[in-house]
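Notes for the structure review
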Amino acid sequence: MAFINTHGTATVYNDNMEAIAITRAQLQEVPVSSLKGYLGHTLGAAGVIETVLTAHSLVHNKLPGTHGFNTIGTPDPINVVKENSNITQPAALKTASGFGGCNATLLLSK
């Protein structure tokens, strides 16, 4: 798994929920990235835009860093990446966390 692109709203409840899910799936060592710092919150379009950009990242073997990330704010430690980097693995997870528990995860691969 190259990376996980999370919803990453930087809110305590949402970030904790995402970190718990990643940890329960035993993926806490996989690099985690969020695009919210670049895009803001586009509400209903967030999942689609972030999925397209995650696929684009895989095609171009690039992992976007998490813009604005400084320190982990969740009790469950996950591997949030700060800097852009190259990737070689052919698959990534895209999570989308919505209002009222409307959540989804997609596995994208080349």
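Residues numbered from 1 in each chain as written. Predicted model: local features only at pLDDT ≥ 70, side-chain atom pairs only at ≥ 80, totals over all residues. Heavy atoms only, no water.

1. Concerning the overall build of the chain
Scanning the chain from N- to C-terminus turns up three helices and seven strands. The C-alpha atoms of the chain give 13 Å as radius of gyration, which agrees with the globular expectation for 110 residues (13 Å, within 12%). Seen along its three principal axes, the alpha-carbon backbone of the chain occupies a region of about 30 × 30 × 25 Å. For the chain, the proportion of contacts with a sequence separation of at least 24, taken over those separated by at least 6, is 67%. For the chain, the accessible surface area stands at approximately 6300 Å², while carbon and sulfur atoms represent 61% of it. Side-chain charges in the chain split into 6 positive and 6 negative, and the spacing between the mean points of these groups amounts to 7 Å. (Helix = DSSP H or I, 4+ residues; strand = E, 2+ residues; numbered from the N terminus. Rg over C-alpha atoms; globule rule 2.2 N^0.38 Å. Contact = heavy atoms within 4.5 Å. Areas by Shrake-Rupley, 256 points an atom, 1.4 Å probe, with all protein chains shown as cover. Lys, Arg positive; Asp, Glu negative; His and termini not counted. Charge placed at Lys NZ, Arg CZ, Asp CG, Glu CD.)

2. Considering the sheet that holds strand E4 (residues 79-80)
Read across the sheet, five strands follow the order E4-E2-E1-E6-E7 without closing on themselves; strand pairing throughout is mixed. Of all the strands in the sheet, just E4 and strand E7 (103-109) have a single pairing partner and so form its edges. Bridge count for strand E1 (residues 3-6) against strand E2 (residues 31-34) is three bridges, and the pairing is parallel. Of the residues in E2, the one forming a bridge with Ile4 is Val32. Sheet strands in contact with helix H1 (residues 12-24) are E1, E2, strand E6 (91-97) and E7, and its direction is about 140° off that of E6. (Pairing = 2+ DSSP bridges. Axes fitted to C-alpha atoms, helices over the stretch in contact; angles between N-to-C directions.)

3. Side note on the pattern of salt bridges
The full count for this structure, using the stated rule, is two salt bridges. Two residues, Glu50 and Lys36, come together in a salt bridge whose shortest N-O distance is 2.4 Å. Within this pair, whereas Glu50 is found in helix H3 (residues 46-59), its partner Lys36 is found in helix H2 (residues 36-39), the two being separated by 14 residues in sequence. A network of salt bridges, in which partner residues are shared, links Lys36, Glu50 and Lys94. (Salt bridge = Lys/Arg side-chain N within 4 Å of Asp/Glu carboxyl O.)

4. Quick look at H1
In an α-helix there are 3.6 residues to a turn, and that puts residues three or four apart on one side. In this model, H1 (13 residues) spans 18 Å end to end at C-alpha, consistent with the 18 Å of a helix rising 1.5 Å per residue. Of all the positions in H1, only Asn14, Asn16, Glu18, Ala19 and Ile22 are classed as buried. The elements touched by buried residues of H1 are E1, E2 and E6. Remark: Gln26 follows H1 within two positions and exhibits a positive phi of approximately 60°. (Expected span 1.5 Å × (residues − 1). Buried < 20%, exposed > 50% of the residue type's maximum accessible area, 1.4 Å probe, protein only.)

5. Points about the side chain of Asn5
Among the secondary structure elements, Asn5 is positioned in strand E1. Exposure remark for Asn5: the relative accessible area of 1% places this residue in the buried category. Excluding anything up to four places from it in sequence, Asn5 contacts Ser33, Ser34, Leu35, Glu50, Thr54, Leu93, Lys94 and Thr95.

6. Concerning the environment of Leu27
Tracing the sequence through the fold places Leu27 in the loop between H1 and E2. With 23 residues separating them along the chain, Leu27 and Ile4 place their C-alpha atoms 8.9 Å apart. Setting aside residues no more than four positions away along its own chain, Leu27 makes contact with Ile4, Ile22 and Leu93.

In short, the description is geometric, and any link to function would need to be established separately.
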